[in-house]
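For reference, the chains in residue letters:
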Amino acid sequence: MGTENMQAGVVVFAGVSSEPIDQASAWDAVETEATGAVVTFGGIVRNHDGGRAVTRLNYSGHPTVDARIAELAAQVAAEHPGTRLWAAHRVGELAIGDSALVAAAASAHRGQAFEACRALVEAVKYGAPIWKEQFFADGDTEWVGIDDQR
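Bear in mind that the values here come from a model prediction, so they are computed numbers and not experimental data.

Student: Where do I start with the overall build of the protein chain in this structure?
Tutor: In terms of helices and strands, the protein chain carries three helices and nine strands. Reading the protein chain from its N end, one meets helices and strands in the order β-α-β-β-β-α-β-β-β-α-β-β. Its C-alpha atoms give the protein chain a radius of gyration of 16 Å, near enough to 15 Å, the size a compact globule of 150 residues would have. When burial is assessed residue by residue, the protein chain has 43% of its 150 residues classed as buried. The long-range fraction of contacts in the protein chain, counting pairs at least 24 apart against all pairs at least 6 apart in sequence, stands at 74%. For the protein chain, the computed accessible surface area is about 7,700 Å², with 51% contributed by carbon and sulfur atoms.

Student: Which parts of the structure should I look at to understand the sheet that holds strand S7 (residues 99-107)?
Tutor: Think of a sheet as strands paired side by side through backbone hydrogen bonds, with each pair either parallel or antiparallel. Read across the sheet, four strands follow the order S1-S5-S7-S2 without closing on themselves; strand pairing throughout is mixed. A single partner strand is all that each edge strand has here, and the edge strands are strand S1 (10-17) and strand S2 (37-44). In this sheet, neighbouring strand axes are inclined to one another by 5° on average, regardless of whether the strands run parallel or antiparallel. By the bridge criterion, eight bridges tie S2 to S7 in an arrangement that is antiparallel. Among the inter-strand pairings, Gly43 is bridged to a residue of S7, identified as Leu101.

Student: Would you mind going over the packing of aromatic side chains with me for this structure?
Tutor: Two descriptors summarise a pair of aromatic rings, namely the distance from one centre to the other and the angle between the planes of the rings. Under the definition given, this model contains one aromatic pair. For the ring pair Phe13 and Trp86, a centre distance of 5.5 Å and an interplane angle of 40° mean the geometry is tilted. Of this pair, Phe13 sits in strand S1 while Trp86 is found in strand S5 (residues 84-90), placing the two residues 73 residues apart along the sequence. Note on Phe13: relative accessible area 32%, which makes it partly exposed. The aromatic ring of Phe136 is capped on one face by Arg52, whose charged end is 3.8 Å from the ring centroid.

Student: Help me understand the environment of Thr40, please; the structure alone is not making it clear to me.
Tutor: With respect to the secondary-structure elements, Thr40 resides in strand S2. A relative accessible area of 26% places Thr40 in the partly exposed class. Residues Thr40 and Pro63, spaced 23 residues apart in sequence, show a C-alpha to C-alpha distance of 27 Å. With near-sequence residues (within four places) excluded, Thr40 lies in contact with Gln23, Trp27, Ala103, Ala104 and Cys117. One polar contact links Thr40 to Gln23, side chain to side chain, over a distance of 3.3 Å.

Definitions and cut-offs
- Residues numbered from 1 in each chain as written.
- Predicted model: local features only at pLDDT ≥ 70, side-chain atom pairs only at ≥ 80, totals over all residues.
- Heavy atoms only, no water.
- Helix = DSSP H or I, 4+ residues; strand = E, 2+ residues; numbered from the N terminus.
- Rg over C-alpha atoms; globule rule 2.2 N^0.38 Å.
- Buried < 20%, exposed > 50% of the residue type's maximum accessible area, 1.4 Å probe, protein only.
- Contact = heavy atoms within 4.5 Å.
- Areas by Shrake-Rupley, 256 points an atom, 1.4 Å probe, with all protein chains shown as cover.
- Pairing = 2+ DSSP bridges.
- Axes fitted to C-alpha atoms, helices over the stretch in contact; angles between N-to-C directions.
- Phe/Tyr/Trp six-rings, centres within 6.5 Å; stacked < 30°, edge-to-face > 60°.
- Lys NZ or Arg CZ within 6 Å of the ring centre and 35° of its normal.
- Polar contact = N/O pair within 3.5 Å; in protein donor to acceptor, adjacent residues only side chain to side chain.

This is how it looks when you write it as structure tokens:
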């Protein structure tokens, strides 16, 4: 393996954003001249959940959420040498079609990039102290906690 596989991965950005996030920004942040592959993920707000119509979401983060996401990303970077990682989760009110979670992983080879991106998404999704309030078309609301699948 080349030297790009010898060094721990690098976290370019990891945290929350109250502003819209997009995959192009994530891609641009992780790509370098040594990059042979960039894998991005976009978690999008959908119009349904559990057979019920959803009209919007509101994400709330614990005050430590930025530090926790950075810690999770650093763990993924340590487990995926030679990668460059970027992850952002939205907080605040989101509409149908908005990006709720965007992640990117770059590496010299596609396999590394795929594995690192998936690990990063799973780490943030299940390890970040973020809660989702769903607003349904029938006027009901539901909170989804960190231990639930979001």
